[in-house]
4 protein chains.
Amino acid sequence: MSDIQELIAIIIKFRDARNWKQFHNPKDTALSLVLEATELMEHFQWKNEKEIADYVKKHKKVIGEELSDVLYWVLLISHDLGIDIKKAFKKKMEISNKKYPIKKAKGSHKKYNEL
Amino acid sequence: MSDIQELIAIIIKFRDARNWKQFHNPKDTALSLVLEATELMEHFQWKNEKEIADYVKKHKKVIGEELSDVLYWVLLISHDLGIDIKKAFKKKMEISNKKYPIKKAKGSHKKYNEL
Amino acid sequence: MSDIQELIAIIIKFRDARNWKQFHNPKDTALSLVLEATELMEHFQWKNEKEIADYVKKHKKVIGEELSDVLYWVLLISHDLGIDIKKAFKKKMEISNKKYPIKKAKGSHKKYNEL
Amino acid sequence: MSDIQELIAIIIKFRDARNWKQFHNPKDTALSLVLEATELMEHFQWKNEKEIADYVKKHKKVIGEELSDVLYWVLLISHDLGIDIKKAFKKKMEISNKKYPIKKAKGSHKKYNEL
């Protein structure tokens, strides 16, 4: 079993033991994904670069928890919608490779449609 | 190499070929994570249950791309901050197991502090 | 003094008494706006239509507070960037009127580019 | 008529001419509010302080439009839920005044529970 399959198995076991599948429609799970992503972002609010560097050093555990909460929803949604996330990810990276050709994109933070 | 490590290797190769590490501070990467999560959510906006079921069937590819975009930032941020996301995830699930005891949480969508 | 000017005056007095202008750059204030908007959304997470109707009746006060938090940032950002929000709003509604012609948009939840 | 009432009247006229009230449940309107807030935030992504200052000067019009989109949902949701947003706002500012006493909060970007 791969890593990703292992984590998905943990999620589904956790979810099904609580009989929560009934709540997991696409709209509410996507909404949950957004909420967890904003919880990570909140850690960096108002802080300047130096403050963030200090903060990150001292709060690795909680930041790892926030990232895990986001990953939870990515994997659960993929699973429920029948999406092989590893395969989808590799395909998406091929698209990104074409959208952002190295020659044009190198050192630039512009969006692909502005390159 | 595990599959999470494999995906991280793809990300870092893609990023470094474009010399983008210079932009990847915690605040802007977390902001990007939020933006990608909202792009997924937008697919389900205004649609009722039946419309979503139909939509999901016909748009699996693009939904897989949106989920991949979120996963990209989860893995990149974890990597850059020195967080072993697989390990962090398993620890977080142990915490969630305690926060949501099966007896109390079964069949309920309440938050742990309201159970 | 108009309503909106009155509310902006309250915000600026509150902010300046705390010497917080130093933190109010566009990136962090926009990030705050997003966080407050997600706090409102969280109230409706997992709830079905009936549960939401019940919830709204009993939680008008706190929902009003969340909406106020969002309005706070809309008005503060407008003020700080020298944008007359009332004027901008009216102009935007003219654009929306053209983007969503009544004949095409009536009864449809499609985006303007799909009408 | 106050200017907030004037803007709400514009919104309701626009909405009702399109027969869109049927879609405006609390969950989807809050979701829309979040999406519009993130559209504003996206303008500042990846940019450093100097780049943002330049950008803001040249893009006041579009930033005003994004802020208007957020305001649209704040006012529409308030209206639909029977919340007097001006009154709610003033009450919320009284709460904030107590949560962030000037003596403690002056010059600090800490949250009230960390002051």
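Each value, and the rule that gives it
Residues numbered from 1 in each chain as written. Chains lettered and ligands numbered in written order. Predicted model: local features only at pLDDT ≥ 70, side-chain atom pairs only at ≥ 80, totals over all residues. Heavy atoms only, no water. pLDDT = per-residue confidence, 0-100. Least-squares fit on C-alpha atoms with pLDDT ≥ 70 in both. Contact = heavy atoms within 4.5 Å. Salt bridge = Lys/Arg side-chain N within 4 Å of Asp/Glu carboxyl O. Helix = DSSP H or I, 4+ residues; strand = E, 2+ residues; numbered from the N terminus. Buried < 20%, exposed > 50% of the residue type's maximum accessible area, 1.4 Å probe, protein only. Phe/Tyr/Trp six-rings, centres within 6.5 Å; stacked < 30°, edge-to-face > 60°. Lys NZ or Arg CZ within 6 Å of the ring centre and 35° of its normal.

> Which parts of the structure should I look at to understand the confidence of the model for chain A?
A low pLDDT means the predicted coordinates there should not be read in detail. Averaged over all residues, the pLDDT of chain A is 97; the fraction at 70 or higher stands at 100%. At the level of chain-chain contacts, confidence expressed as ipTM amounts to 0.97, with global pTM at 0.97.

> Sorry if this is basic, but what is going on with the relation of the copies chain A and chain B here?
Between the two chain copies there is a screw-like relation: a rotation about an axis and a shift along it. Turning chain A through 180° and shifting it by 0.0 Å along the axis lays it on chain B, with an RMSD of 0.0 Å. Expressed as a symmetry operation, the mapping of one chain copy onto the other fits a two-fold axis. A high fraction, 100%, of the interface residues of chain A reappear at the interface in chain B, so the copies pair face to face through one surface.

> When you look at the pattern of salt bridges in this model, what are you seeing that I'm missing?
One side chain can pair with another of opposite charge once the charged atoms of both are near each other. Residues and elements named next belong to chain D. Evaluation of the coordinates by the stated rule reveals 38 salt bridges over all chains. Among the salt bridges present, the one from Lys 61 reaches Glu 65, with a minimum N-O distance of 3.4 Å. Here Lys 61 pairs with Glu 65, and both are found in helix α4 (residues 60–80), just four residues apart, close to one helical turn. Note on Lys 61: relative accessible area 61%, which makes it exposed. Overall, the relative accessible area of 18% leaves Glu 65 in the buried class.

> I'm lost on the packing of aromatic side chains in this one. Help?
When we look at a pair of aromatic rings, we describe it by the centre distance and by the angle of the planes. All chains considered together, the criterion is met by 24 aromatic pairs over all chains. On the basis of an interplanar angle of 85° and a centroid distance of 6.3 Å, the ring pair of Phe 14 of chain A and Tyr 72 of chain A is categorised as edge-to-face. On the criterion of sequence distance, the pair formed by Phe 14 of chain A in helix α1 (residues 3–17) and Tyr 72 of chain A in helix α4 (residues 60–80) is long-range, its members being 58 residues apart. Relative accessible area serves as the criterion here: at 8%, Tyr 72 of chain A is assigned to the buried category. A network of ring pairs unites the aromatic residues Phe 14, Trp 20, Tyr 72 and Trp 73 of chain A, Tyr 100 and Tyr 112 of chain B together with Trp 46 of chain C as a single cluster. Above the face of the Tyr 112 of chain C ring, Lys 99 of chain C is positioned so that its terminal group lies 4.2 Å from the ring centre.

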